[in-house]
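Fold and geometry: a report
Listed here are the chains, written in short residue letters.
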Amino acid sequence: MTEEQVRHARDLLTRPENMVSSIAKFLGVSRNTIYKYVPELKGGRLALAEPTGAAALPRPAQSAK
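Conventions we followed
Residues numbered from 1 in each chain as written. Predicted model: local features only at pLDDT ≥ 70, side-chain atom pairs only at ≥ 80, totals over all residues. Heavy atoms only, no water. Helix = DSSP H or I, 4+ residues; strand = E, 2+ residues; numbered from the N terminus. Buried < 20%, exposed > 50% of the residue type's maximum accessible area, 1.4 Å probe, protein only. Contact = heavy atoms within 4.5 Å. Areas by Shrake-Rupley, 256 points an atom, 1.4 Å probe, with all protein chains shown as cover. Core = buried A, V, L, I, M, F, W, Y, C linked by side-chain atoms within 4.5 Å. Salt bridge = Lys/Arg side-chain N within 4 Å of Asp/Glu carboxyl O.

Our next topic: the overall build of the protein chain. Within the protein chain, the secondary structure is distributed over 4 helices and 0 strands. Its helices and strands taken in sequence order, the protein chain reads α-α-α-α from the N to the C terminus. Here the protein chain, with 65 residues, has 20% of them falling under the buried criterion. Counting only contacts in the protein chain whose residues sit at least 6 apart along the sequence, the fraction spanning at least 24 positions is 43%. Total accessible area on the protein chain is roughly 5,400 Å²; 55% of this is exposed by carbon and sulfur atoms.

Rendered as structure tokens:
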């Protein structure tokens, strides 16, 4: 799979109505190929939605009144 196909598959997989088999068919690859190039799928779809470890931005300080 190309990097673009992998990004597209990851994007499509974040939508619960999309099934791995339909995404594979759309991209012209097998389900096994999707699982190979998107290994975080083995942890379930929620693993795709989890933060990637990027630090959260701090909230602005509120002024005391």
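On to the nonpolar core, then. One broad rule of soluble globular proteins: the nonpolar side chains tend to lie buried together. Counting residues in hydrophobic clusters, the biggest one holds 10 residues: Ala 9, Leu 12, Leu 13, Val 20, Ile 23, Ala 24, Leu 27, Ile 34, Val 38 and Leu 41. Among the secondary structure elements, those contributing two or more residues to this core are helix H1 (3-13) and helix H2 (20-27). Element by element, the count of residues in this core is highest for H2, at 4 residues.

Relative to the helices and strands, Val 20 resides in helix H2. Residue Val 20 is classed as buried on the basis of its relative accessible area, which comes to 10%. Along the primary structure Val 20 and Tyr 35 are separated by 15 residues, whereas in three dimensions their C-alpha atoms are 8.6 Å apart.

Scanning all chains against the criterion turns up 2 salt bridges. Where Arg 10 meets Glu 40, a salt bridge forms, and the shortest distance between an N and an O atom there is 2.5 Å. Here Arg 10, found in helix H1, pairs with Glu 40, found in the loop between helix H3 (31-37) and helix H4 (46-49); they are 30 residues apart in sequence, far enough to count as distant. Accessibility expressed as a relative area gives 25% for Glu 40, which makes it partly exposed. Here Arg 15 makes a salt bridge to Asp 11, at a shortest N to O gap of 3.2 Å. Residue Arg 15 is classed as partly exposed on the basis of its relative accessible area of 37%. Accessibility expressed as a relative area gives 38% for Asp 11, which makes it partly exposed.

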